[in-house]
Amino acid sequence: MVIKASIIGATGYAGAELVRLLSAHPQVELVGLTTQSYAGKAFWEVYPHLYGYVDLVCEEQDLPALVARSDVIFTALPHGHAMAVAREVIDGGKALVDLGADFRLHDPVVYQDWYKVEHTAAELLPRAVYGLPEIHRDEIRSARLVANPGCYPTSVILALAPLLKEGLVETGTIIIDSKSGVSGAGRGLSLNTHYCEVNESIKAYGVAVHRHTPEIEQELSALAGKKVLVSFTPHLTPMIRGILSTIYARLTRLKSTEEILTLYREFYRQEKFVRVLPAGMLPATKMVAGSNHCDIGLVVDRRTGRVVIISAIDNLIKGAAGQAVQNMNIMFGLAEDTGLYGPGVYP
Ligand SMILES: NC(=O)C1=CN([C@@H]2O[C@H](COP(=O)(O)OP(=O)(O)OC[C@H]3O[C@@H](n4cnc5c(N)ncnc54)[C@H](OP(=O)(O)O)[C@@H]3O)[C@@H](O)[C@H]2O)C=CC1
Ligand SMILES: CC(=O)N[C@@H](CCC(=O)OP(=O)(O)O)C(=O)O
């Protein structure tokens, strides 16, 4: 089987990583790469590392033509833009994986509250599946519209799922401290992300108001079977790739580190992309850079009755493009790790 794939917003950081992964995917043919600013340029002129691997030319978005020649379309656009293309893709009988936030929240009112954008395709929300394969694999299999999760939520939900499913943490005491590389903010130029502003400095942002908060709470609440509230604080750090999330929660029953690690190993036993680390080993962003892994380590602090869980992902891979490919593989009945197998790069 050859899957014809197009990417709308291919020239952003998430889109370009998708181009790299799909160009090496044994069962995909890339047939369209759209851009806002680089129409007419060869893709390798925008991203020279792909010289010799991708010979497509960037094009302006011509949606009917793109839908006609694709089996699957990936949207890697700023939030608010995928809803304008989703209906035409779905009505055309093609699959859509959206890397942005437009179809992640089930409730359009919550979306409007946090994103300050009107949801103009709310009728499609019931058909959208939240594309975290380790939690929603069966629904993804039959979905035509998959909402690829946010990068921070991926690192947080995978880190907490086993404990919430077992009712082992108090659902009102969860504190999440996440640190991201600057590529998480996209390729566009901005004062907040230019070299002098971010290098040799770490800063918190979006405190108590970050738009990933409702997405994290939606998924954690579903796992717990009751409302979960979190305090989520993201930080911008002077690295290019990676997210490290450190999560604190009070245990409902005291367990040892080894007991909880056993629970995690069992929960993720079949998962190729979640690595539960042995006691005494903790994740680092370098361990997952360039791979589709989420690494998880944890320690029970018996003194405070809290568990501290640490997870690491590459924001552009498991946090975006890799997870999108994983979702496509599931939707098209391929082995889930096709085109994604293997560790990343080190150092
Ligand atoms: N970066 C990350 O780590 C992650 C990103 N995401 C999500 O993926 C999506 C893309 O993010 P990212 O790649 O970082 O963003 P970038 O800013 O790097 O790229 C955005 C892409 O969208 C195109 N674009 C921008 N505005 C418009 C518009 N008005 N109409 C059509 N095309 C437009 C750009 O074109 P051009 O290049 O020509 O200007 C570019 O191809 C976002 O929704 C983001 O939140 C999700 C998880 C992680
Ligand atoms: C460092 C940085 O700025 N990160 C981005 C989140 C990354 C992202 O891609 O957001 P979505 O997954 O929702 O699309 C931010 O905080 O807005």
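Residues numbered from 1 in each chain as written. Chains lettered and ligands numbered in written order. Predicted model: local features only at pLDDT ≥ 70, side-chain atom pairs only at ≥ 80, totals over all residues. Heavy atoms only, no water.

An unreviewed UniProt entry annotates the protein chain as N-acetyl-gamma-glutamyl-phosphate reductase originating from Desulfofundulus salinus. A UniProt comment under Sequence similarities (unreviewed entry) is attached to the protein chain, and it reads "Belongs to the NAGSA dehydrogenase family. Type 1 subfamily." UniProt lists a comment for the protein chain under the heading Pathway (unreviewed entry), and it reads "Amino-acid biosynthesis; L-arginine biosynthesis; N(2)-acetyl-L-ornithine from L-glutamate: step 3/4." (UniProt positions renumbered as here; feature names shortened; annotations may be inferred.)

## Quick word on the overall build of the protein chain
Along the backbone of the protein chain there are 12 helices and 13 strands. Based on the C-alpha atoms only, the size of the protein chain along its principal axes is roughly 60 × 45 × 40 Å. Taken across its 347 residues, the protein chain has 54% of its residues classed as buried. Within the protein chain, contacts between residues at least 6 apart in sequence are counted, and of these 70% link residues at least 24 apart. Summed over its atoms, the accessible surface of the protein chain is roughly 15000 Å², and 53% of this surface lies on carbon and sulfur atoms. (Helix = DSSP H or I, 4+ residues; strand = E, 2+ residues; numbered from the N terminus. Buried < 20%, exposed > 50% of the residue type's maximum accessible area, 1.4 Å probe, protein only. Contact = heavy atoms within 4.5 Å. Areas by Shrake-Rupley, 256 points an atom, 1.4 Å probe, with all protein chains shown as cover.)

## Re the UniProt feature "active site" (unreviewed entry) in the protein chain
The positions UniProt marks with the feature "active site" (unreviewed entry) are C151. Counting through the fold element by element, C151 comes out in helix α7 (residues 151-165). In contact with C151, not counting residues within four places along its chain, are H212, I243, I313, N315 and G319.

## Here's the deal with the side chain of T154
Inspection of the secondary structure puts T154 in helix α7. The class of T154 is buried, set by a relative accessible area of 0%. Sequence-distant contacts of T154, that is, excluding residues within four places in its chain, are made with L132, P149, I313, K318 and Q323.

## Re the site of ligand 1
Near ligand 1, the surroundings consist of 26 residues, among which T11, T35, S37, L77 and R187 are the closest. Taking T35, its side chain carries an N or O atom lying 2.6 Å from an oxygen atom of ligand 1. For ligand 1, whose free accessible area comes to 900 Å², the fraction covered by protein is 81%. Only α1 (13-23) and α12 (317-331) provide two or more residues apiece to the shell around ligand 1. Here the shell around ligand 1 is composed, by residue class, of 11 nonpolar, 14 polar and 1 charged. Summarising the domain contributions, the shell around ligand 1 has at least three residues from each of domain 1 (3-148 + 318-331) and domain 2 (152-314). (Near = heavy atom within 4 Å. Polar contact = N/O pair within 3.5 Å; in protein donor to acceptor, adjacent residues only side chain to side chain. Nonpolar A, V, L, I, M, F, W, Y, C, P; charged D, E, K, R; others polar. Domains from an automatic or database assignment.)

## A look at the site of ligand 2
Around ligand 2, the surrounding shell holds 13 residues, and the nearest of these are R104, Y205, H210, R211 and H212. The separation between an oxygen atom of ligand 2 and a polar main-chain atom of C151 is 3.5 Å. Within the side chain of Y205, one N or O atom sits 2.6 Å away from an oxygen atom of ligand 2. Looking at the shell around ligand 2 residue by residue, the classes come out as 5 nonpolar, 6 polar and 2 charged.

## Some thoughts on the pattern of salt bridges
All chains considered together, the criterion is met by 16 salt bridges. R87 is paired through a salt bridge with E123; the nearest N and O atoms lie 2.4 Å apart. Remark: E123 occurs in the loop between α5 (108-115) and β5 (128-130) and R87 occurs in helix α4 (residues 83-91); sequence separation between them is 36 residues. What makes R87 partly exposed here is its relative accessible area of 34%. A salt bridge links E215 to R104, with the shortest nitrogen-to-oxygen separation between them at 3.1 Å. Here the residue E215 occupies a position in helix α9 (residues 212-224), and R104 occupies one in the loop between β4 (95-98) and α5, the gap between them amounting to 111 residues. Summarising the burial analysis for this pair, E215 and R104 share the class buried. One connected set of salt bridges, linked through shared partners, spans E17, R20, R241 and D314. (Salt bridge = Lys/Arg side-chain N within 4 Å of Asp/Glu carboxyl O.)

## Looking at the packing of α7 against α9
The packing of two helices is summarised by the inter-axis angle and the distance between the axes. One way to put it is that α7 packs onto α9 with a least axis distance of 9 Å and a crossing angle of 20°. Taken together, the axis directions place α7 and α9 in an arrangement best described as roughly parallel. In the packing of α7 onto α9, the handedness of the crossing is right-handed. Contact residues: α7 offers C151, Y152, P153, V156, I157, L160, A161, L164 and K165, while α9 offers H212, E215, I216, E219, L220, L223 and A224. (Axes fitted to C-alpha atoms, helices over the stretch in contact; angles between N-to-C directions. Parallel < 35°, antiparallel > 145°, perpendicular 65-115°, else oblique. Left-handed = near helix turned anticlockwise from the far one by under 90°.)

## Points about the side chain of N148
Mapped onto the elements, N148 comes out in the loop between β6 (145-147) and α7. A relative accessible area of 0% means that N148 is categorised as buried. Beyond its immediate stretch of four places on either side in the chain, N148 contacts V97, D98, L99, G100, R104, G131, A320, Q323, A324 and N327.

## As for α1
Looking only at α1, the buried set comprises G15, A16, E17, L18, V19, L21 and L22. Buried residues along α1 sit in contact with β1 (3-8), β2 (28-34), α2 (43-46), β3 (72-75) and α12.

## Let's talk about the domain arrangement of the protein chain
Size of an interface, as often reported, equals the accessible area lost when the parts are brought together. For the protein chain, the assigned domains read domain 1 (3-148 + 318-331) and domain 2 (152-314). A separation of 25 Å is found between the C-alpha centroids of domain 1 and domain 2. In this assembly, 24 residues from domain 1 lie in contact with 31 residues from domain 2. Buried surface at the junction of domain 1 and domain 2, summed over both partners, amounts to about 2200 Å²; 55% is from carbon and sulfur atoms. Applying the counting criterion to the domain 1 and domain 2 interface returns 3 salt bridges. Applying the counting criterion to the domain 1 and domain 2 interface returns 14 residue pairs in polar contact (both at pLDDT 80 or more). Sorting the residues of the side of domain 1 that touches domain 2 by element identifies α1, α5, α6 (133-141) and α12 as the ones contributing at least two each. Ranked by residue count, the leading element in the side of domain 1 that touches domain 2 is α12, at 5 residues. Among the residues making up the side of domain 1 that touches domain 2, the classes are represented as 11 nonpolar, 8 polar and 5 charged. (Buried area = accessible area lost by both parts, 1.4 Å probe.)

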